[in-house]
Amino acid sequence: MRRQIPLIITFIVGSVLIISVFIPHKPFGQLGENFSVYFDIIAVFAFILGAGNLLRVHGNRIYRKHKDWPYSVVTVAGFTVMMIAGLFKIGGSPGITGDLTEPGSMFEELYMYVFTPLMATMFALLAFFVASASHRAFRAKNKEATVLLLAAFVILLGRTPFGVKLTSWLPDPLSFLEIPNLASWIMSVPNMAGQRAIMVGIALGVIAMALRVILGVERTYLGADSE
Amino acid sequence: MKTFSYSFIFYCLLGLILLATTDGLAQVESSDSLLSPLLPPSEVIAEDHPGDAGGAIIVRWKLSPDEDKGITGYEILRSASPTAEFSSVGFAATGANRYVDANTEDSLTYYYKVVAIDADRNASESEISPPVRSSPQWFNFHLLNLLIIGGLICGAVIYFIAHAKKGKKFFLRKIAGLEAVDEAIGRATEMGRPILFIPGILDMDDVQTIAGITILGRVAKTIAQYETKLNVPTSRSIVMSTAMETVKEAYISAGRADAYSDDFVHYVTDEQFGYVAAVDGIMVREKPATCFYIGAFFAESLIMAETGNSIGAIQIAGTAMPAQLPFFVAACDYTLIGEELFAASAYLSGEPKQLGSLKGQDVGKIIAMLAIVIGALLETFFAISGSSFFGSLAELVHKLFSIVAS
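Residues numbered from 1 in each chain as written. Chains lettered and ligands numbered in written order. Predicted model: local features only at pLDDT ≥ 70, side-chain atom pairs only at ≥ 80, totals over all residues. Heavy atoms only, no water.

**As for the side chain of A:Asn53**
Here is step 1: In this fold, A:Asn53 is placed in helix α2 (residues 31-63).
Here is step 2: Those residues within four positions of A:Asn53 in sequence are excluded, and the remaining contacts are B:Met240, B:Met244, B:Val265, B:His266 and B:Tyr267. (Helix = DSSP H or I, 4+ residues; strand = E, 2+ residues; numbered from the N terminus. Contact = heavy atoms within 4.5 Å.)

Shown next as structure tokens:
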């Protein structure tokens, strides 16, 4: 019974949502939207579980002086300060009905001047990681890697003013050989064809996966892998 | 002299009359041009928006003949009665001959007028449309093709699942990334280091996350048998709860309930880069021997995969985000590309029923391949011959495989 009820719920909800795509009439038409709202409501309550888990895991680490426990102190302190600033609306409009994001509120200040720069810093790391990954990926180790290297070289060059200038002297009948045009061709023909093939595969994979879940063939997510 | 005087007076009077008349004509002409500088749009038709839940009416019209003379757009006016005052419900840009009024009540009758407006705010109203009412439909015929093709593919999947239940065996090509799972877990066990599993950054309402969690279940069962430490940081609370339950059951079914710990799966944060910072920190401090990235990823994919690469971990990634696949291919040892992600759970389970569903996907691939080949051939024949027969056939194939916006 512990397994069957979730399976029955999954089957009914999955089937009804598929039907609702094709039947716009009430009560089916709004079901997709409604279920999305139900999910958000559940997610809000589940957030309490997440916060509880965060405090439990890091609290244990601090209590047991686990290796690297000072990082847990930073995590718990950051969480607590942000939560107090948000719940009690320190520095902003007074009272529980005040605006959390009002300029001058502690939450807003922390968000703008601590959290946002930290996020931007993490995002900025991407530039360095792209360089190191490209360095590895574009080594001409074999034929395929050489083709990849050449394609990447043409596309990178085609996106720069230097690339435009380099072949702009070509006469009109040979304009398709201009580097920016070659770059556009690579992106819109071979690259697009490959992407579409992947997307067709993804769509079919999603259909099969969804059917396995709806029909109860796939039940690992319920913690069981057999009937 | 007298005759000259009479003639002079006569011609002066005639001149005055002519002047007055010409002036008057000019005045009539100019006031006329002020009153009606533009020709109005015509043939205004309003009809119920098809394939919807009601509450919407489509208004169509024939463009004003003065479309090229500075018309800036068309204002759509609506009234509940042809004699009552009309009020504006929207504006369509120049060249548009269609507007969807998505704010109607199904029980009311509406009348529409379309007004052409130019840059000088000169306006020209159309005739009033016939009465119209919006109403909900029981079937969206715009999606009939999707129903047929989707039905065929679903039917094939169900058929092959049923076929597999009877004991029929199917051939399945080897997926390198999944073949390497045991090796990757074994390596972590030998090195005495943990295994890191990242189930993506989206919630449980995303099918990629579901796929990630199902793979986690399979992987956790093997990890339980090897007695290796597992670390699953999650960015969503519901994913955390689901992953926790999945891992727990995997340990129980592997007969190693005693080895399970609630700390294996833990919540970090919903924030994308906060999550990445935490995961990178875990990688650098704990140096996992194996990293799995299975689920939906965005810009964080490369940051995590490169950090994993820098600590020398075996990395297996899988996602259905086409934009992130190149990053995983560049930084990871194995990548499950698109459909392989969704096939992984069935592949790892080895259950005939699940493998049967993968066979059903092949029918979808055959349909897609046939459509591509036939469509390309028809378009080519049409381009070469210019025959309308090939043109209309190509259009038919295109329509059959397109979801038309209603």
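Resuming the write-up.
**A look at the packing of aromatic side chains**
Here is step 1: All told, the structure shown has 19 aromatic pairs over all chains when counted by the stated rule.
Here is step 2: Geometrically, the ring pair formed by B:Phe297 and B:Phe328 is edge-to-face, given 5.3 Å between the ring centres and 85° between the ring planes. In this pair, B:Phe297 sits in the loop between β11 (290-294) and α8 (300-310) while B:Phe328 sits in helix α9 (residues 325-331), placing the two residues 31 residues apart along the sequence. Note on accessibility: B:Phe297 and B:Phe328 belong to one class, buried.
Here is step 3: By way of ring pairs, the aromatic residues A:Phe22, B:Phe139 and B:Phe141 are connected into one cluster.
Here is step 4: Sitting over the ring of A:Trp69, A:Lys65 keeps its end group 4.8 Å from the ring centre.
Here is step 5: We note B:Arg285 situated over the ring of A:Tyr71; from NZ or CZ to the ring centre the distance is 4.4 Å. (Phe/Tyr/Trp six-rings, centres within 6.5 Å; stacked < 30°, edge-to-face > 60°. Buried < 20%, exposed > 50% of the residue type's maximum accessible area, 1.4 Å probe, protein only. Lys NZ or Arg CZ within 6 Å of the ring centre and 35° of its normal.)

**Considerations on the pairing of strand β2 (residues 57-62) of chain B**
Residue and element names in this part refer to chain B.
Here is step 1: As defined by bridge partners, strand β1 (residues 42-48) adjoins β2 across 5 bridges and the pair is classed as antiparallel. Bridge assignment links Ala46 to a residue of β2, and that residue is Val59.
Here is step 2: Examined bridge by bridge, β2 and strand β5 (residues 98-101) share 4 bridges and lie antiparallel to one another. Among the inter-strand pairings, Ile57 is bridged to a residue of β5, identified as Asp101. (Pairing = 2+ DSSP bridges.)

**Observations concerning helix α7 (residues 179-214) of chain A**
Residue and element names in this part refer to chain A.
Here is step 1: Along its 36 residues, α7 runs 50 Å from first to last C-alpha, staying within 8% of the 52 Å computed at 1.5 Å per residue.
Here is step 2: Met192 marks where α7 bends most, by close to 40°.
Here is step 3: Once α7 finishes, Gly216 follows within two positions and takes phi at roughly 80°, a positive value. (Expected span 1.5 Å × (residues − 1). Bend = angle between axes of the 7 residues up to and from the residue.)

**Some thoughts on a nonpolar patch on the surface**
Residue and element names in this part refer to chain A.
Here is step 1: A cluster of nonpolar side chains, contributed by Val81, Met83, Ile84, Leu87, Phe88, Ile90 and Met106, occupies part of the molecular surface with about 600 Å² of accessible area.
Here is step 2: Considering every element that reaches the nonpolar patch, the biggest residue donor is helix α3 (residues 69-87), with 4 residues.
Here is step 3: By secondary structure assignment, the location of Ile84 is in helix α3.
Here is step 4: Look at Ile84 and you get partly exposed, because its relative accessible area is 36%. (Patch = residues over 30% accessible without salt bridge, like charges linked within 9 Å, V, L, I, M, F, W, Y side chains within 5 Å. Areas by Shrake-Rupley, 256 points an atom, 1.4 Å probe, with all protein chains shown as cover. Salt bridge = Lys/Arg side-chain N within 4 Å of Asp/Glu carboxyl O.)

**Some words on the interface of chain B and chain A**
Here is step 1: At the interface, 75 residues of chain B touch 60 residues of chain A.
Here is step 2: Carbon and sulfur atoms make up 69% of the surface buried where chain B meets chain A, a total of about 5,700 Å² over both sides.
Here is step 3: Sorting the residues of chain B by area buried against chain A places B:Trp138, B:Phe273 and B:Arg285 first, and these three jointly supply 11% of that buried surface.
Here is step 4: If you look at where chain B meets chain A, you find 4 salt bridges.
Here is step 5: One salt bridge in this structure joins B:Asp263 and A:Arg56, with 3.2 Å as the shortest N-O distance.
Here is step 6: Among the elements that make up the side of chain B that touches chain A, the one with the highest residue count is helix α6 (residues 237-253) of chain B (9 residues).
Here is step 7: Across the side of chain B that touches chain A, the residue classes break down as 40 nonpolar, 18 polar and 17 charged. (Buried area = accessible area lost by both parts, 1.4 Å probe. Nonpolar A, V, L, I, M, F, W, Y, C, P; charged D, E, K, R; others polar.)

**Some details on the pattern of salt bridges**
Here is step 1: Applying the stated criterion across every chain yields a total of 17 salt bridges over all chains.
Here is step 2: Residue B:Glu306 pairs with A:Arg136 through a salt bridge whose shortest N-O separation is 2.3 Å. Of the two residues, B:Glu306 is situated in helix α8 and A:Arg136 in helix α4 (residues 106-137); the pairing between them involves two chains.
Here is step 3: For A:Arg136, a relative accessible area of 22% puts it in the partly exposed group.
Here is step 4: With a closest N to O distance of 3.8 Å, B:Lys399 and B:Glu395 form a salt bridge. Note that B:Lys399 and B:Glu395 are positioned in helix α12 (residues 388-400) at a spacing of 4 residues, about one turn of the helix.

Everything listed here is a matter of coordinates, which is why it stays silent on function.
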